[in-house]
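The residues making up each chain are set out below.
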Amino acid sequence: MVITSAAQAKELQSQSKLVFNRYDNRYFLSQVWTAGSIRGRQLSNRRKKKELAQTARLETKGEIMVVARLSPARP
């Protein structure tokens, strides 16, 4: 179980997606978005992310998105 807060995009999301922040070789889930909505959820791992961000080299920080593509159920 994790604590989340509301997030809002400027436009409707065209795809469902998970957004991860990367610090060196560690990834932290930071946002969850659902297709067709401007509302999402934002996760907070501030303390751990802050520690890693301070020790990570600038060139290794990044953001990774995983897009969900749902296909119709097969009979």
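Up top is the structure these notes are about.
Criteria and thresholds
Residues numbered from 1 in each chain as written. Predicted model: local features only at pLDDT ≥ 70, side-chain atom pairs only at ≥ 80, totals over all residues. Heavy atoms only, no water. Helix = DSSP H or I, 4+ residues; strand = E, 2+ residues; numbered from the N terminus. Buried < 20%, exposed > 50% of the residue type's maximum accessible area, 1.4 Å probe, protein only. Areas by Shrake-Rupley, 256 points an atom, 1.4 Å probe, with all protein chains shown as cover. Pairing = 2+ DSSP bridges. Patch = residues over 30% accessible without salt bridge, like charges linked within 9 Å, V, L, I, M, F, W, Y side chains within 5 Å. Salt bridge = Lys/Arg side-chain N within 4 Å of Asp/Glu carboxyl O.

**Student:** What is the right way to look at the overall build of the protein chain in this model?
**Tutor:** Each helix and strand in the protein chain was counted, giving one helix and five strands. When the elements of the protein chain are put in sequence order from the N terminus, they spell out β-β-β-β-α-β. When each of the 75 residues of the protein chain is scored for burial, the buried share is 24%. Of the roughly 6300 Å² that the protein chain leaves accessible, carbon and sulfur atoms contribute 52%.

**Student:** Help me understand the pairing of strand S2 (residues 16-23) in this model?
**Tutor:** The two faces of a sheet get side chains in turn, since along a regular strand they alternate between them. Pairing between S2 and strand S3 (residues 26-33): seven bridges, direction antiparallel. The residue of S3 that forms the bridge with Asn 21 is Phe 28.

**Student:** Just to check I follow, could you spell out a nonpolar patch on the surface for this structure?
**Tutor:** Taken together, the side chains of Leu 18, Tyr 27, Ile 64 and Val 66 make up a nonpolar region of the molecular surface, amounting to roughly 330 Å² of accessible area. Checked against the element boundaries, Leu 18 lands in strand S2. With relative accessibility at 31%, the residue Leu 18 sits in the partly exposed group.

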